[in-house]
Amino acid sequence: VDRAQAEALDRTDPLAGFRDEFFIDPTGPIYMDGNSLGRLSGRVADAVEGAMESWRIEVVGGWREWVDLPLSVGDLIGRLIGAGPGQVLVGDSTTVNLYKLSRAALDVQKGRSVIVCDDNEFPTDRYVLAGIAAGAGSNSREPIEVRWVRSDPVNGVDLDSLASCVDERTALVCLSHVNYRSAARLDIQAVTSLVHERGALMLWDLCHSAGAVPVDLDGAGADMAVGCTYKYLNAGPGAPAFLYVREELHTRLSSPIWGWFAQRDQFEMGERFEPVDGVGRFGAGSPDMLGLVAVSAGASMLLEAGMDKLWGKSRAMGEMLLELVAERLEPFGVDLGSPADADRRGAHVSVRHPRAWPMCNELVARRLVVPDFRVPDTVRLGPAPIYTRYVDVFDAVERIRDVLAGGPTSSERERPRVT
Ligand SMILES: Cc1ncc(COP(=O)(O)O)c(C=O)c1O
């Protein structure tokens, strides 16, 4: 790959026009952290300003148009993840939604007390499940145990190892579709079928998939899913998360949080909790409206771009990164930290180096590239296809090589709290 080839790809990129909608400083560093926090677009900024205008003028009257957003925006996200209408709700954080759905699943799996999860899973998932096993928030039933599947840090969970962990005692399997560190990607269909054959329920974490990688939840017969909107959906820091529950499970599962936003005839202020029939029963308290309008604008933009085009470009940028890493970075001791096979990889590419942190620090401090660092030795490169050009991918690798070629630097500062 050379720069001219990258430029040629940009000239024929059907998504190129979307970049102009984002606030991008042309003299700034190359942003390769779309897998952590997406950039701000004019559409999202306008949507939030519009909601603030309603708030300014109508004050509490704004609720008439806001109150259904958790479900209507959920339907928009549903179209990105293969979920038909009425099965996705937007609100709370991924962590809280994961807790709600895990508990709900355990409560209907009588006689089964094991949760299966990946030992390389994102920390919040591991903590929530371990917390449930430790009895946090529960006065219930038999003790819960978490069984950890040992996975490969680069290639992720292998189906045979998973199969050996899921048995007649398994109530729930909770896994990321795309691993946060390595981008190792699982086959949703194959895993869901395996889990169902053994009578367990399947909960997918789609944080690194929603808006990035094609997902067909309904097609795979998935039971439940959660995910965030601040990465590829570009809805802003801490924007509300989503949850999916397959329609047939709506009346079987109930949320462990009995909040008034899940209540039938909410403003009757009834004495007893009677949840609505649909996925709205997983609501809890007042939804974050400024966040919801941002999610709506972010998801609409991706729908307009089309998941097939987004994924096509993501894959092409991933393959380009792999080639560039092999050619230009491996001679400096960099190893690939993601699966080499594009069919087993999500939308980012990770590289590993013993001095990954100082390298990352230098790239940011000198305003060259913004990647992110994950302990102990991983640098993630997440070129979001909606606003990243092929030349950005090319130039980012060149800049990383220059930093590596410069040898040890003075930037071995202590790591800050947020990386
Ligand atoms: C796979 C995965 N799950 C969960 C989370 C965290 O979710 P939240 O902070 O929205 O609760 C993240 C955050 O990056 C993630 O990557």
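In the block above lies the structure referred to throughout.
Predicted, not measured: the structure shown is a model, and the values here were computed from it.

Draft legend 1. Local environment of the state of the cysteines. Following the criterion strictly, the structure yields zero disulfides and no others. Cys117 carries a free sulfur, and the closest cysteine sulfur to it, the one in Cys174, is 5.2 Å from it. Taking the relative accessible area as the measure of exposure, Cys117 reaches 0% and is therefore buried.

Draft legend 2. Structural detail: the sheet that holds strand β13 (residues 378–381). Across the sheet, four strands lie side by side as β9-β10-β13-β12; this open sheet has antiparallel pairing. Either end of the sheet is taken by a strand with one partner, and the two such strands are β9 (335–336) and β12 (372–374). As defined by bridge partners, strand β10 (residues 349–352) adjoins β13 across four bridges and the pair is classed as antiparallel. Across the sheet, Val351 pairs through a bridge with Val379, a residue of β13. Lying on the sheet, helix α11 (residues 307–329) is in contact with β9, β10 and β13; it crosses β10 at an angle near 20°.

Draft legend 3. Quick look at the pattern of salt bridges. One pass over the full model with this rule turns up 25 salt bridges. In this structure, the salt-bridge partner of Glu7 is Arg3, at a minimum N-O distance of 2.8 Å. A residue pair is termed a helical-turn pair when its members lie 3 or 4 positions apart in one helix, as Glu7 and Arg3 do in helix α1 (residues 3–11) at four residues. Arg3 is the partner of Asp395 in a salt bridge, and the nearest nitrogen-oxygen pair spans 2.7 Å. Taken as a pair, Asp395 in helix α13 (residues 390–405) and Arg3 in helix α1 lie far apart in primary sequence, 392 residues in all.

Criteria and cut-off values
Residues numbered from 1 in each chain as written. Predicted model: local features only at pLDDT ≥ 70, side-chain atom pairs only at ≥ 80, totals over all residues. Heavy atoms only, no water. Disulfide = S-S within 2.5 Å. Buried < 20%, exposed > 50% of the residue type's maximum accessible area, 1.4 Å probe, protein only. Pairing = 2+ DSSP bridges. Helix = DSSP H or I, 4+ residues; strand = E, 2+ residues; numbered from the N terminus. Contact = heavy atoms within 4.5 Å. Axes fitted to C-alpha atoms, helices over the stretch in contact; angles between N-to-C directions. Salt bridge = Lys/Arg side-chain N within 4 Å of Asp/Glu carboxyl O.

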